Structure formats: structure tokens, C-alpha cells
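Remarks on the overall topology
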Amino acid sequence: MTAAFSSELAEGLADDVLDRLLRYVRIDTQSDRAYAQSPSTPGQLELARLLVGELDAIGLEEAAIDGNGFATATLPGNVDGAPVIGFLAHLDTSPDESGAGVEPLVHRDYDGGVIALPRNGTVLDPEHMPELTAKRGHDLVTTSGDTLLGADDKAGIAEVMAAVAYLAAHPEVPRPTIRVCFSPDEEIGEGAKLFDIDAFGAACAYTFDGSEAGEFTDETFTAAGADIVIHGVDVHPGMATGKLVNAARLAGRVLAALPQDRLTPESTADREGFIHVHSVEGTAGRATIRTIVRDFDDDRLAEHVALLVETAEGVVATEPRARVAVDVKHQYPNMRTFLDAHPTVSAAAEEALRREGFEPRRVPIRGGTDGSILSARGLPTPNLFTGGHDYHSVREWASVHDMASAAAVAVRLAGVWAERSG
Ligand SMILES: [Zn+2]
């Protein structure tokens, strides 16, 4: 039997959210780590233009794209004295799987079984995807099996669009002034750096970029990247006796000396941090080990970085003719550090979730969002769920029921802030 929606409001928004998702995912908006300008790829601008046209047609004001590809618009409020709030979602999709030629499939009234997709033998098996089991009776959207879906974050875009379309069409519903922004290059960690917070002019904002219905995030990893470069002494191997110092072999010893069954992504969960080696390249003359380091706590992050540096230096020090340099870059902070100073922002999100019938679940994300950087830059920005799952893979899927709930939560959130006028 078809599952119930979380509210009549959500049920009324479902068709619009689904139509929008199906339309937006057909534009390839993968971002590119070889970042030369903003946005990193032209598809993101194409989607931004489509959205600005739609925002204009819905009746929002000041719909425009700035020089860096950020699409923004304003829905004027209808109560006096309420703070301006922002709704955000990102235009780009992950560069990790193909995002071209996305052919979304809608599965009505999901029966709880295995979903076999038509291409590449891709299968969604609830035995290995526990979130799927809970969606019996939902309408689902999947890929055809060989691309991303792009629900990360076009589900978020569709939800924000459906919510502001609803509010624009229902002026009798109290709302504060709402600023909307769809931003580029979240997946490559660049977008939020160029976000024009002053021009946006909101007191706080919410990203719609989470996953399971009812979840809410005011805490992310604190993150660093560390590149270890080892210089050896390269000599023709036929004349290498007593001379060659092999940087690639030293890199292998550094890898072997790092913790193996703890402090790795695969051996940690919940609030534990890790050191993740994501790329190794090397020759006898020179080897590079690229890592990311993560934790929820800045002091523990610094300890993991120190362990990495000590390990690399300790191994390379056994060979006096070799040299090592470790380049550590801070990537993004735990947003909680900044959100704790603005408790009303998270409280409003929790109240909106309750009004939509959810018991809010605060889930720290083992990753970052645009809100990590924006919160640090002075715009408090927690994250709300979208109803999408298994992101960055060909098994990506989304529940239409949960997407409709997320759009309804955005409408409720406007109501909560409208009450905070004066
Ligand atoms: Zn995302």
C-alpha cells in the first residue's frame, strides 16, 4: 500500500518536487577538481540559468546570477520585523561517477524488494541498503544504473524551489523575507569560499543537502589535507651501488608505518577521526603521498596530523640522504564551533521538523557541507535532510515522499521565523 505523506502540505508539494528533480538531473553539472574559474564547468551555469528563469516565473524578485555562477533571488516577507533567512542548495554533482546522460527512473509504490536497474547490472539490494528497507510504499527515483542520479544536491534544489513556489502562491501564509541561493562547486570544496555573504544579506541560512528524513546537522568534520613529498636520490640502476636512495620504497615504508586497523576511514565510525591516504605516486627520485585528515575536534585533528608528520619524518630520517616535506592545509572547520553561538538557528530547524511530524535527529556528518565554511565566515548555516541516499554512486536514489517532506519542512521553517518578528 502506498505510504502516507508526512502531512497534507507534503502531499501537495510532492508532484512539483518530483517534476523539478526529473528536470534538473538531466543537465550534467559535475564539477571539476581541475578548478580554473567559478563555476568549474559550464553545465552548472546552464542549470543556474534555468533556475533563475523559473524563480522569476514563480514571482521571486532580483533573480540573477553573479559573476561566479551563484544564482540568487528574493521572496519578500509579509510580516514586519522578522530576520531575513536563506535557503541554499548546490548546483554541482560529484566528479566521482558519470553525471552525463542521466536517465532517472520513477518506481511508484516501492514493494521493498531488490530493484534491478536496466544498465550495467546495477542492483539496489535492501539487504545491503538498510535505508531502502524503510521506504516500502514510497515512490522512489533511481538512475538507470550507469550514472549518478544527482539528487545530491538537485533534490535540495527541487525542495527549495517547490517551497518558495508554494509560499509565493500562498501570500496568506506568514513568512519572513527569504533569500534563495544555488551555489556552484560544493563537491570540490570551492563554492562557499566565493559566496557573497554581504550581498546575500541573510541573518542565517539552511542548506538542503542532507540525507535521511528527519535528520538535521549542526556538526561536521573539521578537516585538513596533508601531502607528504619524499625526495630520494635517483641514479641509473646499473650504477646505483651505494648511491640510489629510492623515494618510492621510502613511501611504502611510511604507508606501512601508519596505523592500519585504527584511524582509517574503514575502521572508524561515529565521532572517531581518521587519516585517509587517497593517492600515492612515486618514482625512485620522488614520491608523493596525499592524505586527508578528519575529526570532529580540532585538538584531536592536530594530533592526527602530528602523528602523520612524525611517522613520515621518522621513516625518512633513517636515510640521511633522503628529504621529506609535509604540506598541511586546513580545509574546513566543524560548523558547531560557530553555530553554538546562535542557538536559535538550530532550534528553528528542529521546530520546523517537529511541525512536519518528525522527531529531529541531530546527526554529525562525517564530511563537510557548504555550511561548514559559511558558518565560519559569519553566516550560521546548519543542514537539513533531502531524502536522497547513496550519494556519489550509480546506486544513488531518492524517496519522493521524503523529498516532499523536506520541501514542507522549508515551508514550516519560514513559518517559525515569521513568528520571530519584532
Ligand atoms: Zn551535496
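First, a word on scope: everything that follows refers to the structure included in this document.

The rules behind these values
- Residues numbered from 1 in each chain as written.
- Predicted model: local features only at pLDDT ≥ 70, side-chain atom pairs only at ≥ 80, totals over all residues.
- Heavy atoms only, no water.
- Salt bridge = Lys/Arg side-chain N within 4 Å of Asp/Glu carboxyl O.
- Buried < 20%, exposed > 50% of the residue type's maximum accessible area, 1.4 Å probe, protein only.
- Helix = DSSP H or I, 4+ residues; strand = E, 2+ residues; numbered from the N terminus.
- Expected span 1.5 Å × (residues − 1).
- Contact = heavy atoms within 4.5 Å.
- Donors = N, O, S within 2.8 Å, 3.2 Å for Na, K, Ca; no water.
- Tetrahedral: all angles 85-135°; square planar, octahedral: opposite > 155°, others 65-115°.
- Bend = angle between axes of the 7 residues up to and from the residue.
- Polar contact = N/O pair within 3.5 Å; in protein donor to acceptor, adjacent residues only side chain to side chain.
- Phe/Tyr/Trp six-rings, centres within 6.5 Å; stacked < 30°, edge-to-face > 60°.
- Pairing = 2+ DSSP bridges.
- Axes fitted to C-alpha atoms, helices over the stretch in contact; angles between N-to-C directions.

1. As for the pattern of salt bridges
With the rule as written, the count across this model stands at 24 salt bridges. As a salt-bridge pair, K193 and E190 come within 3.6 Å of each other at their nearest N and O atoms. Overall, the relative accessible area of 22% leaves E190 in the partly exposed class. The partner of R361 in a salt bridge is E215, with the nearest N and O atoms 3.8 Å apart. With R361 in strand β15 (residues 361-362) and E215 in strand β10 (residues 215-217), this pair connects stretches of sequence that are 146 residues apart.

2. Observations concerning helix α10 (residues 343-355)
Its 13 residues place the ends of α10 18 Å apart at the C-alpha level, agreeing with the 18 Å of an ideal helix rising 1.5 Å per residue. The inward-facing, buried residues of α10 abut β9 (204-208), β10, β15, β16 (383-384) and α12 (400-418). With its phi angle positive at about 95 degrees, G357 sits one or two positions after the end of α10.

3. A word on the coordination of the zinc ion
Around the zinc ion, the protein contributes the donor atoms H90 (NE2), D152 (OD), D209 (OD) and D209 (OD), which lie 1.9 to 2.8 Å from the metal centre. Coordination at the zinc ion is irregular: its four donor atoms span angles of 51 to 150 degrees at the metal. Coordination of the zinc ion draws on donor residues from a single chain, spaced H-x61-D-x56-D in sequence. Linking D152 in helix α4 (residues 151-169) with D209 in the loop between β9 and β10, this pair joins segments that are 57 residues apart in sequence. A residue is classified by how much of its surface remains accessible, and D152, at 6% relative accessible area, is buried. The buried category is assigned to D209, whose relative accessible area is 12%.

4. What to know about helix α1 (residues 8-24)
Along its 17 residues, α1 runs 25 Å from first to last C-alpha, staying within 8% of the 24 Å computed at 1.5 Å per residue. In α1, a bend of some 40 degrees at A14 exceeds every other bend along the element. Listing the buried residues of α1 in full gives L9, A10, L13, A14, V17, L18, R20, L21 and Y24. For α1, the elements touching its buried residues are α2 (42-58), β4 (105-107), β7 (140-142), α4 and α12. A side-chain oxygen of the first residue of α1 lies 3.3 Å from the backbone nitrogen of L9; this N-cap is S7.

5. Some remarks on the packing of aromatic side chains
Applying the stated rule across the entire model yields six aromatic pairs. Between the aromatic rings of F87 and F208, the centroid separation amounts to 5.6 Å while the plane-to-plane angle is 85 degrees, which identifies the pairing as edge-to-face. Linking F87 in strand β3 (residues 85-90) with F208 in strand β9, this pair joins segments that are 121 residues apart in sequence. With respect to burial, F87 and F208 carry one shared label: buried. An angle of 65 degrees between the planes, with centres 5.5 Å apart, marks the rings of F358 and F385 as edge-to-face.

6. Quick look at the environment of D15
Structurally, the position occupied by D15 is in helix α1. A relative accessible area of 56% places D15 in the exposed class.

7. Some words on the sheet that holds strand β11 (residues 222-231)
The four strands are arranged β12-β13-β11-β14 in an open sheet whose pairing can be described as antiparallel. Lying at the two open borders of the sheet, with one neighbouring strand each, are β12 (274-282) and β14 (323-332). Across the sheet, the mean angle from the axis of one strand to that of its neighbour is 15 degrees, orientation sign disregarded. Across the sheet, helix α7 (residues 247-257) touches β11, β12 and β13 (286-295), and the angle it forms with β13 is around 25 degrees. Contacting β11, β12, β13 and β14, helix α8 (residues 298-317) runs over the sheet at an angle of about 160 degrees to β13.

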